[in-house]
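Secondary and tertiary structure notes
For reference, the chains in residue letters:
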Amino acid sequence: MSIYDSLNEPQKEAVFHTDGPLLILAGAGSGKTRVLTHRIAYLIEEKGINPWNILAITFTNKAAGEMRERVDQLVGFGSESIWVSTFHSMCVRILRRYIDRLGYDTAFTIYDTDDQKTLMKEVCKLADIDTKVYKERVILSAISSAKNELVSPEEFELNAGGDYGRQKILKAYREYEKQMRSNNALDFDDLLVKTVQLFQTQPDVLEYYQERFRYIMIDEYQDTNTVQFKLVSLLAQKYKNLCVVGDDDQSIYKFRGANIKNILNFEQEFPDTKVVKLEQNYRSTGNILNAANAVIRNNCGRKEKTLWTENEEGAKIALRQFDTAYDEADFIAEDIEKNIREGGSYNDNAILYRTNAQSRLFEERFVAANIPYKIVGGINFYARREIKDLLAYLKTIDNGQDDLAVRRIINVPKRGIGLTTINRVQESALERGIGFYEALKGLDLIPNITRGAAKLDSFVALIEYFKGRARTESISDLLQEIIEKTGYMESLEAEAKREDEAHDRAENIDELLNKIAAYEENCEDMGEKATLSGFLEEVALVADIDSLDEEQEYVVLMTLHSAKGLEFPNVYMAGMEDGLFPSYMTISSGDLEEMEEERRLCYVGITRAEEKLTVSCARMRMVHGETQYNRMSRFLKEIPVNLLDTGEVFVKKAEETEKEKTVFAASNPYFHAKKSFKAQPFSVMKGAEQFAASKAKGLDYTVGDRVRHLKFGEGIVENIAEGGRDYEVTVEFDTAGRKKMFASFAKLVKAE
Ligand SMILES: Nc1ncnc2c1ncn2[C@@H]1O[C@H](COP(=O)(O)OP(=O)(O)OP(=O)(O)O)[C@@H](O)[C@H]1O
Ligand SMILES: [Mg+2]
């Protein structure tokens, strides 16, 4: 039996069609990537093609690694000379060899985004551009878009017209290019642009690579952009042995210039293209696949296709709606533990979410429950730079004894304190056997520090000021003030490499504020005082997560974007709420195309699941340190009811005792909706939407009433105030004293 026997007919057709352009357009899990690897094997083993003549392009380095592994398994000997790489690494290899033809030195430097920023500052000065009006990041991103579209400064000029802003950007673009050139430097976009230029101006070089790469294959083709397409067209022009595989329904990088037209117009660019459609899905159960189909059907701009499977129907899609995001995280952690008890492996489980900041709640639950996990394509929450920075501030303010923390922030944001100065202080501290911060406070004892002294003094003054504030303010307010006074947010903005990075970091900071707010609330509920030391201790318990053994099994956490191309037996899509996914920005922009891109992302998520899919959402979630009420994601409403299992949507509460139920019913405006939700999920979803508006009606007590709280016992309602998203109820308890709490969390019930 050969390895090709395991392929279905259209897959075989694609594998055996080795010469001429080939477009494989197929839905998720239909074996596109598998066809590529088998095709490489077939070319080498059956057609006798030299591995040297094969180029396979993947979207990420990780995917390249996996593809190489798969090919190695199929081919064995000689596979190492196949080029399996991303567009960028391919271009670097080519340019290192030939860029001298374009007047650059082959030892060119690659500027990362930090370098670009630094240069752009310089450029703006030279070009007399006010960076308060035109931010460096914005200019760089405009230049990047231009490069991705192969728009040179000259063409940019033609299109800029009289637009004042465009003229400014043009000026910056020109100067930037000039500087890059004289620095013998290329940025990431240049790697592609210059390779295209090289091919267009040096026919012999182009021919060399055309001969070299006689067989070209591209995975995840739907996410290529214009310059990448140009590059491939040039390379494949001679032999036309180009095979691209993609799925227009999984195009999720439009914001980075991916051009879906590349897939839709492929046949025009390469006449006589053979088109193979794969329609059988091997990855997912019938129910999962049908749900995916039902969601994506709502997009207009797509090539119609129907995926089917021979796999069994499998379990229904579990839909779980929780009161809070904490309940959601609890549930998922417990569910995974249950899977493990039943003999499953951690590796089988993946949690997918829309934004990086959402990982925090899961991480905390997993650390507490000893569930090994790994964040793919991202960094553990407490290891993220902005979180470490702000915690370092809090630690320094709390006691200043953590030298590492003080040193971490002494020049963050930049205040012109240099390493030499810092080292002198450190030496002096060591000599005298005192802490770093203590040494900072007695600068006159340190010789040769004079030049930096003023800056150090003002740093100490700042910390001492915060120490004072810490005694009177809540931790939330303190952190807010730190962020404002130090200009931390602006410094992040200025340093961010991309628009979405700045946004990501801001979201993480919000998430830290949420953590603090939750801690403070919890202390209040427990009748304890919230202290900075207490908070830092609590964080220390969950933040020490660097010791993960790589070989070990783990649950995977990642954003939906990083999940492309992967598959897992058991998938959780968490935070499926309008406002989060689709994002508030998308909803409020009213932009149909953006909504469709979000929907494609949802489709990518659903189709990662092999056997079981759980979609979940929370009614209340902390956002910006405030409780926010969210509706269930509109995407979930696109899944037909008969594919859903909503039976235990309220599993946690249903298990509670009768007494607690009464408490719950009395304090929770959603309660009645929940009961009917079981029977008629959709009418209730609508119902639930109305509740946020009518929350007041849910309270059956008023000022002056006697109420009972599960922990604090009985007391008198003193005040009910309209908080941002919820009612803040103040109760004078008989024994526990006066407490202010959110109505939805306090679950107060009227005492008879
Ligand atoms: N003919 C087949 N017989 C058995 N299993 C198959 C067959 N074709 C594909 N598979 C399996 O189906 C799963 C999905 O395949 P693959 O990852 O290649 O799909 P894909 O089209 O690349 O998906 P995506 O769009 O998510 O990238 C894999 O586990 C693969 O091994
Ligand atoms: Mg694939």
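What counts and how
Residues numbered from 1 in each chain as written. Chains lettered and ligands numbered in written order. Predicted model: local features only at pLDDT ≥ 70, side-chain atom pairs only at ≥ 80, totals over all residues. Heavy atoms only, no water. Salt bridge = Lys/Arg side-chain N within 4 Å of Asp/Glu carboxyl O. Helix = DSSP H or I, 4+ residues; strand = E, 2+ residues; numbered from the N terminus. Pairing = 2+ DSSP bridges. Axes fitted to C-alpha atoms, helices over the stretch in contact; angles between N-to-C directions. Contact = heavy atoms within 4.5 Å. Near = heavy atom within 4 Å. Polar contact = N/O pair within 3.5 Å; in protein donor to acceptor, adjacent residues only side chain to side chain. Areas by Shrake-Rupley, 256 points an atom, 1.4 Å probe, with all protein chains shown as cover. Nonpolar A, V, L, I, M, F, W, Y, C, P; charged D, E, K, R; others polar. UniProt positions renumbered as here; feature names shortened; annotations may be inferred. Expected span 1.5 Å × (residues − 1). Buried < 20%, exposed > 50% of the residue type's maximum accessible area, 1.4 Å probe, protein only. Parallel < 35°, antiparallel > 145°, perpendicular 65-115°, else oblique. Left-handed = near helix turned anticlockwise from the far one by under 90°. Core = buried A, V, L, I, M, F, W, Y, C linked by side-chain atoms within 4.5 Å. Phe/Tyr/Trp six-rings, centres within 6.5 Å; stacked < 30°, edge-to-face > 60°. pLDDT = per-residue confidence, 0-100.

1. Focus on the pattern of salt bridges
Going through the model one piece at a time under the given rule, you end up with 45 salt bridges. As a salt-bridge pair, D645 and R320 come within 3.4 Å of each other at their nearest N and O atoms. With D645 in strand β16 (residues 644-645) and R320 in strand β9 (residues 317-324), this residue pair connects regions lying 325 residues apart in the sequence. Ionic pairing is found between K485 and E481, a salt bridge with its closest N-O pair at 3.6 Å.

2. Observations regarding the sheet that holds strand β2 (residues 54-57)
Taken together, the 6 strands give an open sheet; going across it, the order is β3-β2-β6-β7-β1-β8, and neighbouring strands pair in parallel fashion. Two strands bound the open sheet, and with one partner strand each, they are β3 (83-85) and β8 (274-278). Looking at each pair of strands side by side, their axes are set apart by 10° on average, direction ignored. As judged from the 4 bridges shared by strand β1 (residues 22-26) and strand β7 (residues 242-246), these two strands associate in the parallel manner. Pairing of L23 across the sheet is with V244, part of β7. Strand contacts of helix α1 (residues 9-16): β1 and β8, with the helix running at about 145° to β8, the strand carrying the most contacts.

3. Quick look at the site of ligand 1
Close to ligand 1 lie 19 residues, the nearest being K32, T33, Q250, E567 and R608. Within the backbone of S6, an N or O atom sits 2.9 Å from a nitrogen atom of ligand 1. At a separation of 2.6 Å, an oxygen atom of ligand 1 approaches a polar side-chain atom of K32. For ligand 1, whose unbound accessible area comes to 630 Å², protein coverage reaches 85%. The biggest single contributor to the shell around ligand 1 is helix α2 (residues 32-45), with 3 residues. A breakdown of the residues in the shell around ligand 1 according to their chemical character gives 3 nonpolar, 10 polar and 6 charged.

4. Focus: the UniProt feature "domain: UvrD-like helicase ATP-binding" (unreviewed entry) in the protein
Per the UniProt annotation, the sites labelled "domain: UvrD-like helicase ATP-binding" (unreviewed entry) are residues 5-285. Helix makes up 52% of residues 5-285 and strand 11%. Its end C-alpha atoms lie 23 Å apart.

5. Observations concerning the sheet that holds strand β17 (residues 706-709)
In spatial order, the strands read β20-β19-β18-β17-β21; together these 5 strands make up an open sheet with antiparallel pairing. Strand pairing shows two members of the sheet lacking a second neighbour, β20 (737-742) and β21 (749-750), which therefore form its edges. Pairing between strand β19 (residues 727-733) and β20: 6 bridges, direction antiparallel. The partner of E728 across the bridge, within β20, is F742.

6. Considerations on helix α27 (residues 592-606)
In this model, α27 (15 residues) spans 21 Å end to end at C-alpha, consistent with the 21 Å of a helix rising 1.5 Å per residue. Among the 15 residues of α27, 12 are classified as buried, and the element is accordingly described as predominantly covered. The inward-facing, buried residues of α27 abut α14 (286-296), β10 (349-353), β13 (568-573), α26 (584-589) and β14 (609-623). Between the side-chain oxygen of the N-cap and the backbone nitrogen of E593 there are 2.9 Å, and the N-cap of α27 in question is D591.

7. Description of the pairing of β13
Burial runs high along β13: 6 of the 6 residues are buried. Pairing analysis gives 5 bridges linking β13 to β14, with the strands arranged parallel. Across the sheet, V571 pairs through a bridge with L613, a residue of β14.

8. Structural notes on the packing of helix α17 (residues 385-398) against helix α21 (residues 450-472)
The contact between α17 and α21 brings their axes to 9 Å, and the two run at 80°. Judged on the interaxial angle alone, α21 and α17 are roughly perpendicular. In this structure, α17 uses Y393, T396 and I397 to contact α21, whose residues at the interface are I463, F466, K467 and A470. Residue composition of the contact of α17 with α21, by class: 5 nonpolar, 1 polar and 1 charged.

9. Remarks on the packing of α17 against helix α24 (residues 499-526)
Here α17 crosses α24 at 45°, and the two axes come no closer than 9 Å. Looking at the two axes, α17 sits oblique to α24. Relative to α24, the crossing made by α17 is right-handed. Contact residues: α17 offers R385, E386, I387, L390, L391 and L394, while α24 offers R505, N508, I509, L512 and I516.

10. Examining the nonpolar core
Counting 48 residues, the largest nonpolar core has L391, L394, L440, F459, L479 and F535 as the members making the most contacts within it. In this structure, L307, L352, F581 and L613 belong to the second largest nonpolar core, which totals 43 residues.

11. With respect to the environment of P569
Note that P569 resides in strand β13. Look at P569 and you get buried, because its relative accessible area is 17%. Spatially, the C-alpha atoms of P569 and C602 are 17 Å apart, while their sequence positions differ by 33 residues. Every residue in contact with P569, bar those within four places of it in the chain, is listed here: D348, E610, E611 and K612.

12. Structural notes on the packing of aromatic side chains
Geometrically, a pair of aromatic rings is defined through the distance of the ring centres and the angle of the planes. Inspection of the entire model under this criterion finds 21 aromatic pairs. A ring pair is formed by Y4 and F16, whose centres lie 6.0 Å apart and whose planes are at 70°; its orientation type is edge-to-face. With a gap of 12 residues between them, Y4 in the segment before α1 and F16 in helix α1 connect regions that are remote in the sequence. Ring geometry for F16 and Y42: centres 4.7 Å apart, planes at 40°, overall tilted.

13. Some remarks on unusual backbone geometry
The omega angle of the peptide bond from V412 to P413 is -5°, so this bond is cis rather than trans. Relative to the assigned elements, P413 resides in the loop between α18 (403-409) and α19 (419-432). In the Ramachandran plot, E220 falls in the positive-phi region, its phi being about 50° despite a non-glycine side chain. Relative to the elements of secondary structure, E220 occurs in the loop between β6 (215-218) and α11 (226-236).

14. Topic: the confidence of the model for the protein
In the predicted model, the protein carries a mean pLDDT of 85, and the fraction of residues at 70 or more is 90%. Note that residues 545-550 has pLDDT below 50 and, in this model, 8 contacts with residues that lie over four places away or in other chains. Every residue in residues 650-697 is under pLDDT 50, and counting partners more than four places away or in other chains gives 77 contacts. The ipTM value of the predicted complex is 0.99, and its pTM value is 0.73.

15. Quick look at the side chain of T559
Mapped onto the secondary structure, T559 falls in strand β12 (residues 555-559). Given a relative accessible area of 11%, T559 falls into the buried group. Dropping the residues within four chain positions of it, T559 is found in contact with Y353, R354, T355 and N356.

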